[in-house]
Amino acid sequence: MDAKELTLDVTRPPHPERAVPVAQRLRGAWHRLAPQILFFVVLIAGWEVMARAAHSPLVPSSAAIAHELVKICLSGFAPVEIGNTFLRMSLGFLLALAIALPIGILTAVSRFAERFFEPGIILGLTVPGLVWALLCVIWFGVSLASPVVAVALGVLPALIISVHQGVRSLAHELVEMVQVFRLPTSIVLRHIWLPVLYSFIVSGCRVGFSIAWKVIVLVEIFGMSDGVGYQLNAQFSTQNVEGVIAWTLSFWVAMLLVEHGIFQPLERHANRWKKGVAA
Amino acid sequence: MSSNIRIESIEKRYPARGADPEKLVLKAFDFRIRSGELVALVGPSGCGKSTVLNLIAGLDKPTRGAVAFDRPVDAINLSVVFQQPRLLDWLSVQENVGIVLTRSNAALAQQQATVRSLLDKVELPEHANAYPQFLSGGQRQRVSIARAFATTPDVLLLDEPFSALDELTARRLRLLLQSLWLDESRQRPTGVLVTHNMLEAAFLADRIVVMGGTPAEIRDVIQVDIERPRHPDDPALFEVHRRVMEALQSS
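Computed from a predicted structure; not experimentally measured.

### Considering the overall build of chain B
Here's step 1: Scanning chain B from N- to C-terminus turns up seven helices and nine strands.
Here's step 2: On the principal axes, the C-alpha backbone points of chain B span a range of 50 × 40 × 35 Å.
Here's step 3: For chain B, the proportion of its 251 residues judged to be buried stands at 53%.
Here's step 4: On chain B, roughly 10600 Å² of surface is accessible, and the fraction owed to carbon and sulfur atoms is 49%.
Here's step 5: For chain B, the distance from the average site of its 30 positive side-chain charges to the average site of its 31 negative ones is 3 Å.

### A word on the interface of chain B and chain A
Here's step 1: Taken together, the contact between chain B and chain A spans 37 residues of the former and 33 residues of the latter.
Here's step 2: Between chain B and chain A, the buried area comes to about 3300 Å², and carbon and sulfur atoms account for 65% of it.
Here's step 3: When the area that chain B buries against chain A is broken down by residue, the three leading residues are Arg86(B), Trp90(B) and Thr102(B), summing to 22%.
Here's step 4: Where chain B touches chain A, the interface holds one salt bridge.
Here's step 5: For Arg86(B), the salt bridge identified is with Glu176(A), shortest N-O distance 2.8 Å.
Here's step 6: There are eight residue pairs in polar contact (both at pLDDT 80 or more) connecting chain B and chain A.
Here's step 7: Residue assignment for the side of chain B that touches chain A shows that the elements contributing at least two residues are strand S5 (78–81), helix H2 (93–98), helix H3 (108–121) and helix H4 (137–150) of chain B.
Here's step 8: Across the side of chain B that touches chain A, the residue classes tally to 19 nonpolar, 12 polar and six charged.

### Some thoughts on the side chain of Gln235(A)
Residues and elements named next belong to chain A.
Here's step 1: Inspection of the secondary structure puts Gln235 in helix H9 (residues 228–237).
Here's step 2: For Gln235, a relative accessible area of 13% corresponds to the buried category.
Here's step 3: In contact with Gln235, other than residues within four places in its own chain, are Asn240, Gly243, Val244 and Trp247.

Reading the values: rules and limits
Residues numbered from 1 in each chain as written. Chains lettered and ligands numbered in written order. Predicted model: local features only at pLDDT ≥ 70, side-chain atom pairs only at ≥ 80, totals over all residues. Heavy atoms only, no water. Helix = DSSP H or I, 4+ residues; strand = E, 2+ residues; numbered from the N terminus. Buried < 20%, exposed > 50% of the residue type's maximum accessible area, 1.4 Å probe, protein only. Areas by Shrake-Rupley, 256 points an atom, 1.4 Å probe, with all protein chains shown as cover. Lys, Arg positive; Asp, Glu negative; His and termini not counted. Charge placed at Lys NZ, Arg CZ, Asp CG, Glu CD. Contact = heavy atoms within 4.5 Å. Buried area = accessible area lost by both parts, 1.4 Å probe. Salt bridge = Lys/Arg side-chain N within 4 Å of Asp/Glu carboxyl O. Polar contact = N/O pair within 3.5 Å; in protein donor to acceptor, adjacent residues only side chain to side chain. Nonpolar A, V, L, I, M, F, W, Y, C, P; charged D, E, K, R; others polar.

The structure is reproduced here in structure tokens:
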């Protein structure tokens, strides 16, 4: 038996939510969702008031937008285009993560590396996504490389900072504990570094994904022949305001699904041991 | 197997930093700790007690001299109970205790049995699956004590282990530590305790080393000849306490 494959799985701690009765969980869900539902009601009502007051094709009614939204969704057009955009975003994102991990760790453990990379990180934070989009379309043309590299460049600084902060958050006292007990490297990586970085990477990914969306739209507008950005541009060219809003909403819904279906569960999992979170 | 600890003519200087000048903490510091004995280091704040402990733990290097054991340092099984428990918050209680066993070659079942047995001894079996943040300060320190004993250490270092706890909890944990120390089923390590609490030193230690001065020197070594198990209210402890205080005040 490999002694390094510890022990530690003897019995996983029970998930706090499992012990909560169904009725209580439903009540909790309602309390969480009610303010968000109210937001949508207020938003739609406000828009409708504005549309009726303006009485112009530039401010379409909620019903017209909903009709357009249903049309692009049911035809399967929106899911395919959103899928294309998500694929490009995800590839760019993974590329950024692969670069951010070593650089973030390096800047956290080496003062020289921190000083070396600092101007680059500040530059990355300062340069607008529009610039990356334009440059990548010029450099790579209409190819997968354009959106992937542009997204990676846009997201990279935020991810590096997250990883850097994650590594720095590991208290010196814990490092000493590891040293005294001479824990094997594989265990230190798996049971200390990975969990510490996990929550920081998850929150970095959430921020990064919202940045990635802003960059990918621009690249698709300038240099792609499909994707949500391209569709937005197409609707804009024909002055179809319902179309612009419907495509924006469809992507917003997709992002909400990612947020609630991926990031929030990941974040809950990453923070499950924190007293305030579990309670 | 426990080991003698020889602190041989140690000098420790901390280099000047910013406005702080170079600091000479220990100079020609010599001391021997016998195998299986528990020695307490007491003295005023900043007198170098924790420096000695860190040098033994290998967390710091002496400027001159050496800390020697009966075997090469890599062959010495060393454990520490820190002032703060220093647990990994994202691991459960049993995982925190079990993690130090990963360096051993013991079978998984044996590791689990060791963890369970220690959690029984520190009276936390029902919290095996809990995360540290859900425990009280005293419970967390009990986990830390269980972790320190899990590897059956040759050398056990105790760095003000109860100073962050209320007195009632500290008293219970001192008794717990004594019972683990006297547990005949386990090998008794060589222990070094750093404390500001003279009664704690008298209760737990075989010898008390009174340190003082700058650089630090040994002002007195007091033998504690009180039979174990000791009771925290034993009047003999107060006599030891008085002698330690005398030694401190005379310095």
